[in-house]
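# Geometric and topological summary
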There are 4 protein chains.
Amino acid sequence: MGNFKEDIAKTKAFIFDVDGVMTDGGIMPIEGGMDFIRKYNAKDGYAIAYAVRRGYKVCVITGGHGNLLRSRMERLGVTKLYLNCMDKISAMQEFFAEYDVDPATTIYMGDDIPDLECMELVGIPVCPADACSEVVEASRYVSEFCGGRGAVRDIIEQTLRAQDEWAKDRTGVLGVASR
Amino acid sequence: MGNFKEDIAKTKAFIFDVDGVMTDGGIMPIEGGMDFIRKYNAKDGYAIAYAVRRGYKVCVITGGHGNLLRSRMERLGVTKLYLNCMDKISAMQEFFAEYDVDPATTIYMGDDIPDLECMELVGIPVCPADACSEVVEASRYVSEFCGGRGAVRDIIEQTLRAQDEWAKDRTGVLGVASR
Amino acid sequence: MGNFKEDIAKTKAFIFDVDGVMTDGGIMPIEGGMDFIRKYNAKDGYAIAYAVRRGYKVCVITGGHGNLLRSRMERLGVTKLYLNCMDKISAMQEFFAEYDVDPATTIYMGDDIPDLECMELVGIPVCPADACSEVVEASRYVSEFCGGRGAVRDIIEQTLRAQDEWAKDRTGVLGVASR
Amino acid sequence: MGNFKEDIAKTKAFIFDVDGVMTDGGIMPIEGGMDFIRKYNAKDGYAIAYAVRRGYKVCVITGGHGNLLRSRMERLGVTKLYLNCMDKISAMQEFFAEYDVDPATTIYMGDDIPDLECMELVGIPVCPADACSEVVEASRYVSEFCGGRGAVRDIIEQTLRAQDEWAKDRTGVLGVASR
């Protein structure tokens, strides 16, 4: 394990939790009872879609569920999506195997206690500014941004900058794909 | 009445108001006219589901109503739910009797004037940072977090920590149940 | 015109704008195209329902429209409601006449330029912390709270306190009516 | 290129991005999968509708889509609307030609990387306080307000003030049109 900046320069894969990471943790139940409205962030979305396009693997693992969540993630083009996930560890291992990803150089961003086990499995555990105290302690990097307010964007942007891969495509086309 | 930390170490039951406690007080009417969208907090939800699982009694009493509110509370597994409640005092007394709960060691978190009477009935009245002034005055503990922004999580976490009951289950399974 | 505190001690009527006063100005269009989701504040709602119950006249005048807005105001029991209002001045004058209200002791809370004319017509123009600069200038009192974050509650609470009419009914019953 | 204040005094046209400019970047997927709930700002809306009424050209170009977005913009009376826009540059050039607008005196407000190319095409690129770093760098003016929290209002208000065109119509009528 080198220093943080050296390590993210080798990262080719990201794993994200959803509630509290891609959102501020707010969940708004709507009719039908099986789905929530969640508020995602367009700048996070841009970064995810951009990273996927540049060849990075982006995995999303969540206990959350519902078609709204699924369709959002599909629109962003995430590499692998685990909804309704009862066993995040197995999901991660499947992702590592399927995409030949090295856990040692993988970034995992979580915000709460169910993320702790997952964070121990990767080389680069990180979290939003408003993660719970146990997660902050387990993280190598705490973003200055809160969940849903740019934490996802921040870690992707920093990683891709470290590899001189950020902002290489300034046309509007990608912007469309990301929203 | 001992000091606050000693008293929460004996707590086995929580009573929560909804609007302004589990939410920031925001209510968004939607079509049908009988229901509101409310924005709950995933970290609060984790703490409630976890506490119930560890054997704590969690009662929710609200003047609010609607299927969305009901299904959210059911999903979290709250022990007892009073919606549309015209008489919070009677509801509390029923809860105390039914679950053999001692008011002296019960925590009640409210945020506004209709909560004042209830707060006088328990040994440990508490409130979010943004409760109204009368409620702040009537509280033994004012969370540094606002309603819907972690006040519920804060009081549950502090209480369970005082009993060495916090963060004993780090698997993702519980995370699923809470969302 | 006396000082502000003397004047609100004589107030028996309130007039409120909706967007930016009862809300943070956020409007969320939903399907059908004729209606918005707005986020109201439960503590504001409590204060309005309470004031009406204590005999105060509460008038709401807005250029906004839609069944959601109407049903929210009806639920709070507002004395008089003008939706879709093209001529706020005439609406105010009708309200003054119908309820025998004296403009000199009426409070008007607005937040933007279309409110300026109305504010000149009452003795006690007030505004939320985040009103536009022209409205701030035209106000005798600027709440420390923003629209949708307690500005309405603040002015009602201050007024009723000045008349020793605040917090006289602490039962949960009223809480129900207000939500 | 003169100084900023001299240049906005000559502006007759505005171009706005939507996500992160007219909103805080929050997008809330709803059922159907083809549309998002977005939270617009009433004070921004007032300014746009007012500017159009005073003869300014207001163009909105976005990669976003959906009937909700379209109907909001139509209600505000925007001069020209490009939804689902894959090629923002061509859209801008069409707008310049169709309305005989001079790019050198046009204001473009964007917040993220897909806006950079567009910003180079106008004389007065500006952005909200929370734009990404590349956009901040490319801007001649950074509003003190964030996207969805008044950035649009700010730039319109400043521009119209510089031309003594602000707040010339204080009746409620316009307020109606803007909401």
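Counting starts from 1 at the beginning of each chain's written sequence and moves along it residue by residue. Each chain takes a letter, starting from A, and each ligand takes a number, starting from 1, following the order in which they are written. With pLDDT at 70 or above as the cut-off, local features in this predicted model cover only qualifying residues; side-chain atom pairs require 80 or more to be listed or tallied, and sums for whole chains, interfaces and linings still use all residues.

Every helix listed is a DSSP run of H or I at least four residues long, and every strand listed is a run of E at least two residues long, numbered separately from the N terminus. Regarding its fold elements, chain A presents eight helices and nine strands. Counting only C-alpha atoms and orienting by the principal axes, one finds that chain A spans roughly 50 × 40 × 30 Å. Put plainly, a residue is buried at 20 or more neighbouring C-beta atoms within 10 Å of its own, exposed at 12 or fewer, and partly exposed in between, counting only other residues' C-beta atoms, which are placed from the backbone. With 179 residues in all, chain A has 56% of them scored as buried. Considering only residue pairs separated by 6 or more positions, chain A has 56% of its internal contacts joining residues 24 or more positions apart. Throughout, a residue-residue contact means that the two C-beta atoms, derived from backbone geometry, are no farther apart than 7 Å.

Once that is clear, we can look at the packing of helix H2 (residues 42-53) of chain B against helix H7 (residues 151-162) of chain B. Residues and elements named next belong to chain B. At a minimum axis separation of 8 Å, H2 and H7 run at an interaxial angle of 40 degrees. Crossing of H2 over H7 shows left-handed handedness. Of H7, the residues touching H2 (which contributes Lys43, Asp44, Ala47, Ile48 and Ala51) are Val152, Arg153, Ile156, Glu157 and Leu160. Interaxial angles span 0 to 180 degrees and are taken between N-to-C directions of axes, which are lines fitted to C-alpha atoms, for helices over the stretch in contact. It is the rotation of the near helix from the far one that decides the hand of a crossing: anticlockwise by less than a right angle makes it left-handed, clockwise makes it right-handed.

It is worth spelling out the pairing of strand E7 (residues 106-109) of chain D at this point. All names here are of chain D. Along E7, one buried face is formed by Thr106 and Tyr108 and the opposite face, lined by Ile107 and Met109, is buried too. Strands were regarded as paired on the criterion that DSSP finds at least two bridges between them. With four bridges connecting them, strand E1 (residues 13-16) and E7 associate as parallel partners. What sits directly across from phenylalanine 16, in E7, is methionine 109. Pairing of E7 with strand E8 (residues 124-127) involves three bridges; the strand directions are parallel. Paired with methionine 109 across the strands is valine 126, a residue of E8.

All of the buried residues along helix H3 (residues 67-76) of chain B are B:Leu68, B:Leu69, B:Arg72, B:Met73 and B:Leu76. Along H3(B), the residues classed as buried sweep out an arc of 130 degrees about the axis, all on the same side. Here the buried face of H3(B) lies against strand E2 (26-29) of chain A together with strand E4 (40-41), H2, strand E5 (57-61) and strand E6 (80-82) of chain B. Once H3(B) ends, the next one or two residues include B:Gly77, with phi positive near 80 degrees. When we speak of the arc, we mean the arc of directions from the helix axis to the C-beta atoms.

Let's shift gears to the environment of D:Ala131. All names here are of chain D. Take alanine 131: it is sitting in the loop between E8 and helix H6 (133-138). Classification of alanine 131 as buried rests on a count of 27 C-beta atoms within 10 Å. Not counting chain neighbours up to four residues away, the residues in contact with alanine 131 comprise Asp111 and Val136.

Below, the discussion takes up the pairing of strand E8 (residues 124-127) of chain C. Residue and element names in this part refer to chain C. Of the two faces of E8, both are covered, the one formed by Ile124 and Val126 as well as the one formed by Pro125 and Cys127. Crossover connection from strand E7 (residues 106-109) via helix H5 (residues 116-121) to parallel E8: handedness right-handed. Inspection of the sheet shows E8 paired to strand E9 (residues 141-142) by two bridges, in the parallel sense. Across the sheet, residue valine 126 finds its bridge partner in E9, namely tyrosine 141. With strands facing away from the observer, any crossover in which the path from the first strand over the helix to the second runs clockwise is taken as right-handed. In this fold, E8 hands off to helix H6 (residues 133-138), which returns the chain to E9; that crossover is right-handed.

Attention shifts here to the confidence of the model for chain A. Predicted confidence across chain A gives a mean pLDDT of 92, with 92% of residues reaching 70 or more. Values of pLDDT, which run from 0 to 100, indicate the predictor's confidence residue by residue. With pLDDT under 50 throughout, residues 172-179 of chain A is counted as low confidence; its partners more than four residues away or in other chains account for 30 contacts.

In this section: the sheet that holds strand E2 (residues 26-29) of chain D. The strands that make up a sheet pair up through hydrogen bonds in the backbone, lying either parallel or antiparallel. Judged by pairing direction, the sheet is antiparallel, and its three strands sit side by side in the order E4(A)-E2(D)-E3(D) without closing on themselves. Pairing within the sheet leaves two strands with one partner each, and these edge strands are strand E4 (40-41) of chain A together with strand E3 (36-37) of chain D. Of the pairings in the sheet, the one linking E4(A) to E2(D) comprises two bridges and is antiparallel in character. Along E2(D), the bridge assignment pairs A:Tyr40 with D:Ile27.

Attention shifts here to the sheet that holds E6(B). Residues and elements named next belong to chain B. Pairing is parallel in the open sheet, where six strands are placed in the order E6-E5-E1-E7-E8-E9. Looking along the sheet, the strands with just one partner apiece sit at the ends: E6 and strand E9 (141-142). Pairing analysis gives four bridges linking strand E1 (residues 13-16) to E5, with the strands arranged parallel. Pairing of isoleucine 15 across the sheet is with cysteine 59, part of E5.

For C:Asn84, which is not a glycine, the phi torsion comes out positive at approximately 55 degrees. When you line up the elements, C:Asn84 lands in the loop between strand E6 (80-82) and helix H4 (88-98). Its 13 C-beta neighbours within 10 Å are what place C:Asn84 among the partly exposed residues. Here the phi dihedral of D:Ala167 falls at roughly 60 degrees; this positive angle occurs in a residue that is not glycine. With respect to the element layout, D:Ala167 can be found in the loop between helix H7 (151-162) and helix H8 (172-177).

Position of C:Glu137 among the secondary structure elements: in helix H6. The class for C:Glu137 is exposed, based on 11 C-beta atoms found within 10 Å.

Residues and elements named next belong to chain A. Within the secondary structure layout, alanine 151 lies in helix H7 (residues 151-162). Sequence-wise, alanine 151 and glycine 20 are 131 residues apart; in three dimensions their C-alpha atoms are separated by 9.7 Å. Not counting residues up to four positions away in its chain, the partners in contact with alanine 151 are Val21, Met109, Pro128, Ala129, Ser143, Phe145 and Cys146.

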